[in-house]
Amino acid sequence: MARDASGNSWKVLMLEDNEDDALLIVNHLETQGCEISWDRVETEKDLRQRIADGGWDVVLSDHTMPLFDGASALRVVRELDPDIPFVFVSGTLGEKAAVAAIKGGAQDFIVKHDLSRLTPAVERAIADQALQKRHRLAQEVLRKLSQAVEQAADSIFITNREGEFEYVNPAFEQLTGYGPASTHGQTPALLKSQDQDPSTYAELWQTVLSKQVYRGTLINRKQSGETFFEEKVITPLVNQDGQITHFVSTGRDITDRVQADEDRTRLNAILEATTDVVAIADAKGKVIYLNKAGHTLLATALNLTDDEPGKARAENALNAAQQLIQGALAQAEKHGVWERESMLENASGQHIYLHQVVMAHRDQSGRIAYYSTIARNISERKQFEAQLQHQATHDLLTGLANRVLLAEQLQTEMNRARQLKHLTAVIFLDMDNFKRVNDGLGHSIGDQLLQQISVRLGRHIRPNDILARYGGDEFVIVASDLTDADTIPGILDKVKRAFEQPVRIAGQDIFVSFSAGVAVYPDDGDSVETLLRNADSAMYQSKAIGGRSFRFYAPAMNERQHRLLALESELHRALERKEFVLHYQPQASLRSGKVCGVEALLRWNHSERGLVAPNDFIPLLEETGLIDDVGLWVLRQACQDMRILAAEHGHAPRVAVNLSARQFSSQRLAEQVAGVLRDTGLPAEQLELEITEQMLISDLESSRATLESLRELGVTVAIDDFGTGYCSLAYLKRLPLHVLKVDRTFVSGLPDDGNDLAIVEAITLLAHKLDLQVVAEGVETAAQLETLRALGCDMVQGYYLSKPVPLSTLAGAATLTV
Ligand SMILES: Nc1nc2c(ncn2[C@@H]2O[C@@H]3COP(=O)(O)O[C@H]4[C@@H](O)[C@H](n5cnc6c(=O)[nH]c(N)nc65)O[C@@H]4COP(=O)(O)O[C@H]3[C@H]2O)c(=O)[nH]1
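A quick note: this is a predicted structure, and the numbers were derived from the prediction, not measured.

**Some remarks on the site of the ligand**
- Contacts to the ligand come from 23 residues, most closely from Glu599, Arg603, Asp720, Glu780 and Tyr799.
- One of the side-chain nitrogen or oxygen atoms of Glu599 is found 2.9 Å away from an oxygen atom of the ligand.
- Glu777 has a polar side-chain atom sitting 3.2 Å from an oxygen atom of the ligand.
- Elements with a minimum of two residues in the shell around the ligand: strand S24 (595-606) and strand S28 (716-722).
- Taken together, the residues that form the shell around the ligand break down as nine nonpolar, six polar and eight charged.

In structure tokens form, the structure reads like this:
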């Protein structure tokens, strides 16, 4: 449609009952240069319909119509579209109706008979209405915006160019405590806090004054004084002239977030610093976080090396770790928490022990959100525990199994033997002369000896046999898988042969021998305790017969053990009850033929058992330590008796007193002997002390010192039972000794046994070369006596001359001659 000069091109909706009038109006408008497209309606229904179709520039409405009225039409149009210009074109319109029409929203009214104002009226109505529409829309936008600002969760304020508050939203008031009243005439400086670095404000101003948007975090202060972190965006508003007119600030309280960040940073620092491994895995088990300790552990654990075994082990470690985690996750998922100690073997084959807790964390819907695990390397603790365990089950000195472990291992062996129908031998070993070594040479040497014995024993048993230190000088060997008890002596023989050579410690040779007892499972007991007790009994028996041997357990031994126990307690009281007595056996000189000495021999005058021989109780006195007191009593009594004898008969023979090993190795021996001589007044040369060659050689150095101090006292020393031990005459040469007593076993073969004859002759010859006197023991016959005389023996002692007799009859025996 071509447009005319006025440029108006309108789409007009006519509300007109008279079509002629409508055409008249259209015609008028067209004659005014308007380009018109139009439609005419005369009912409300049609009006609604057409308005709903839309696109109208103006509604021209009659005021009074037969089917409708203008006022109602205006209401309908305003209801449906408030922006369509509405002009009444009516026949007549009273002033009142005109005012009501304008109030109702009509832009103008024109009378039909004077249409001259119609075109400008329509033009103005359209222009007004367009303006009004823009205004209304702007209002609407403004309303929405201000509502948004009012309702915003972020704090918003607007300041003028000078920075004075012009507007603050409710969120600002809620956050800071400052409302419109308290911000009036103020600037945002009232939010400043001491905590904020002042350079931030300088940067802020520099940014916004250069018309840029400032973004940053400020530490601000609320009206209450509390500070808070605020994430700020400050936008300068610039007018058409490029002048800043206002500043709009939006802020968000991020205190919680900052604190959460700080917390997270702190936690992270802790997690990274801790020596525990912390890992987080997603719901599928994929590790999404591993702390530093975790990385370190993995690096150590996997300790990747290039060699093939290293690679294989690394792979194993990975597999093991993977399986461990998978198993753990399943368990954690099921029970919430999973806790266990586990072990990884690193590529170098070392064991890494971990204590691990895995937790499953669920989201609100109950699904697994992630897993967390904390693992601690407890290798050190494990090592410590193992050490403790080792200490609890091993002997500290020798490193051998102790009683506790022995009991455990023996039980296992017994169980195995039961199943396999094998025998298990429990061999109880007790060193024969340990006490002497320990007392004489000191505990350090004693300890070293025990260590060396352990090593030597260990080398001479089978690898599968158990070797334990049972106590002081007691060892136990458990030999398993035996099919025949006949093999046991072979085992013992090996042990014996292991000690054929002396043990050398600190330049000294120490001869070691054992008393051994054997109990065999199942015959000799079916419990650990019984077997050990019975092996001990058997050992005790072999000790009782002088050691250096072994005994198999026999049930009768238990009985004997009980007897020994009873005997021991009786022995404890024997000294107080004065049940010990001394008998004396004379010794005669072969040169003069007269009695020149006596040997004091101890007897126990038991109230029920009568006179008990020393061999039946002296070992027990030794073992219990009672020999210290009894030995001293013997020494004192013998000296006193000799003084009595001298007092009664004018003179007394020299008296020989037996010393026990314990007495001889005591540091106090010389002191005690000197004390007794002083107390009793017996001249030192009338006292002889008898020691065995075993005692001598167990510790040659300390023996020499003891003998020296005895010689200084003027006491003589005799070697008893000579020839039964290992003492070579070479030893004797170097020691201050006086008498050598040839053992009864050699004398008993005389005169017929050529060997005995040769031995006695050789001993006598050599003894004389060493300036030692020779006393032959156990002389029972005249033939023996004569042979000994012929061999050059100096003195004799034996039943042939006299049995040991009480002091009361000794005076008579002392006059005997040979
Ligand atoms: N068959 C036979 N035997 C003879 C003959 N002549 C002497 N005897 C015995 O031989 C032993 C000699 O004493 P011993 O070798 O020192 O051997 C002693 C000695 O080692 C020890 N003993 C005795 N009294 C004491 C003591 O007071 N203290 C210590 N520590 N040991 C003692 O007990 C051992 C045994 O003493 P006894 O039973 O009194 O035995 C004595 C004595 O009775 C003989 O012709 N034929």
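**Notes on the environment of Lys133**
- Position of Lys133 among the secondary structure elements: in helix H5 (residues 118-151).
- In this structure Lys133 comes out as partly exposed when scored by relative accessible area, which is 38%.
- With 51 residues separating them in the primary sequence, Lys133 and Pro82 have C-alpha atoms 8.3 Å apart.

**A look at the sheet that holds strand S17 (residues 466-471)**
- Judged by pairing direction, the sheet is mixed, and its five strands sit side by side in the order S17-S18-S16-S21-S22 without closing on themselves. With partners counted over all chains shown, the strands left at the sheet margins are S17 and strand S22 (550-552), one partner each. Each strand of the sheet is rotated relative to its neighbour by a mean of 20°, with strand direction disregarded.
- Where strand S16 (residues 423-431) meets strand S18 (residues 474-482), seven bridges bridge the pair, whose relative direction is antiparallel. Looking at the pairing, Asp430 lines up with Glu474 of S18.
- Across the sheet, helix H15 (residues 443-459) is in contact with S16, S17, S18 and strand S21 (514-521); its angle to S18 comes to roughly 10°.

**Describing the pairing of strand S6 (residues 155-160)**
- Of all six residues in S6, five are buried, a share of seventy percent or more.
- Strand direction decides the pairing type here: S6 and strand S10 (residues 244-253), joined by six bridges, are antiparallel. Opposite Ile156, over in S10, you have Thr250 as the bridge partner.
- Counted along the chain from S6 to the antiparallel partner strand S7 (residues 165-168), the turn is four residues long, and its residue Gly163 has a positive phi close to 95°.

**A closer look at the sheet that holds strand S9 (residues 227-238)**
- Read across the open sheet, the five strands follow the order S7-S6-S10-S9-S8; overall the sheet is antiparallel. Across the chains shown, the open sheet's two edge strands, defined by having one partner strand only, are S7 and strand S8 (214-221). Taking the axes of each pair of neighbouring strands and ignoring which way they run, one obtains an average angle of 25° across the sheet.
- The strands touched by helix H8 (residues 198-209) are S8, S9 and S10; relative to S8, the strand with the most contacts, the crossing angle is about 140°.

**Comments concerning the pairing of strand S15 (residues 368-377)**
- Direction of pairing for strand S11 (residues 277-282) relative to S15: antiparallel, over a ladder of six bridges. Residue pairing in the sheet places Val277 in a bridge with Ala375 of S15.
- Two elements, strand S14 (residues 351-362) and S15, share nine bridges in a ladder whose sense is antiparallel. Across the sheet, Leu354 pairs through a bridge with Asn377, a residue of S15.
- Counting the residues between successive antiparallel strands, the hairpin from S14 to S15 contains five residues, one of them, Gly366, with a positive phi of roughly 95°.

**Here's the deal with the packing of aromatic side chains**
- Following the criterion strictly, the structure yields 12 aromatic pairs and no others.
- Residues Phe157 and Phe165 carry aromatic rings whose centres are separated by 5.0 Å and whose planes lie at 70° to one another, so their mutual orientation is edge-to-face.
- Judged by its relative accessible area of 4%, Phe157 falls in the buried class.
- Among the residues examined, Phe165 registers a relative accessible area of 7% and is labelled buried.

**A word on unusual backbone geometry**
- Of note, the bond from Tyr521 into Pro522 is cis; its omega dihedral lies within 30 degrees of zero at 10°.
- Positive phi, close to 50°, is recorded for Ala506, a residue that is not glycine.
- Assignment of secondary structure puts Ala506 in the loop between strand S19 (503-505) and strand S20 (508-510).
- Judged by its relative accessible area of 61%, Ala506 is exposed.
- Not every positive phi belongs to a glycine, and Asp771 is a case in point at roughly 70°.

**Things to note about empty space enclosed by the protein**
- Applying the stated criterion to the full structure yields two cavities of 30 Å³ or more.
- In this structure, the largest cavity occupies an estimated 60 Å³ of space.
- Taken together, the elements giving at least two residues each to the lining of the largest cavity come down to helix H14 (434-441), helix H21 (661-665), helix H23 (693-698) and helix H24 (700-713).
- With three residues, H24 is the single largest residue contributor to the lining of the largest cavity.
- Here the lining of the largest cavity is composed, by residue class, of two nonpolar, six polar and two charged.

**Considerations on the side chain of Thr176**
- Take Thr176: it is sitting in helix H6 (residues 170-176).
- Residue classification places Thr176 among the buried positions, given a relative accessible area of 2%.
- In contact with Thr176, other than residues within four places in its own chain, are Leu191, Lys222, Gln223 and Phe228.

**Some remarks on the nonpolar core**
- In terms of nonpolar packing, the biggest core is built from 73 residues, with Val655, Leu687 and Leu788 touching the most fellow members.
- Considering every element that reaches this core, the biggest residue donor is helix H20 (residues 627-649), with eight residues.
- Ranked by size, the runner-up nonpolar core spans 34 residues in total, among them Leu400, Met431, Ile488 and Ile491.

**Structural notes on the pattern of salt bridges**
- Summed over the entire model, instances satisfying the criterion amount to 43 salt bridges.
- The shortest N-O distance in the salt bridge between Arg376 and Asp276 comes to 2.7 Å. One end of the pair, Arg376, is in strand S15; the other, Asp276, is in the loop between helix H9 (255-273) and S11, and 100 residues separate them in sequence.
- When its relative accessible area of 47% is taken as the criterion, Arg376 is described as partly exposed.
- For Asp465, the salt bridge identified is with Arg462, shortest N-O distance 2.9 Å.
- Residue Asp465 is classed as buried on the basis of its relative accessible area, which comes to 9%.

Quick notes on the rules
- Residues numbered from 1 in each chain as written.
- Predicted model: local features only at pLDDT ≥ 70, side-chain atom pairs only at ≥ 80, totals over all residues.
- Heavy atoms only, no water.
- Near = heavy atom within 4 Å.
- Polar contact = N/O pair within 3.5 Å; in protein donor to acceptor, adjacent residues only side chain to side chain.
- Helix = DSSP H or I, 4+ residues; strand = E, 2+ residues; numbered from the N terminus.
- Nonpolar A, V, L, I, M, F, W, Y, C, P; charged D, E, K, R; others polar.
- Buried < 20%, exposed > 50% of the residue type's maximum accessible area, 1.4 Å probe, protein only.
- Pairing = 2+ DSSP bridges.
- Axes fitted to C-alpha atoms, helices over the stretch in contact; angles between N-to-C directions.
- Contact = heavy atoms within 4.5 Å.
- Phe/Tyr/Trp six-rings, centres within 6.5 Å; stacked < 30°, edge-to-face > 60°.
- 1 Å grid on protein atoms, 1.4 Å probe; cavity = no way out; pocket = protein on both sides within 12 Å on 5 of 7 lines; lining within 4 Å.
- Points joined across faces, edges and corners; volume = space filled by probe spheres on them.
- Core = buried A, V, L, I, M, F, W, Y, C linked by side-chain atoms within 4.5 Å.
- Salt bridge = Lys/Arg side-chain N within 4 Å of Asp/Glu carboxyl O.

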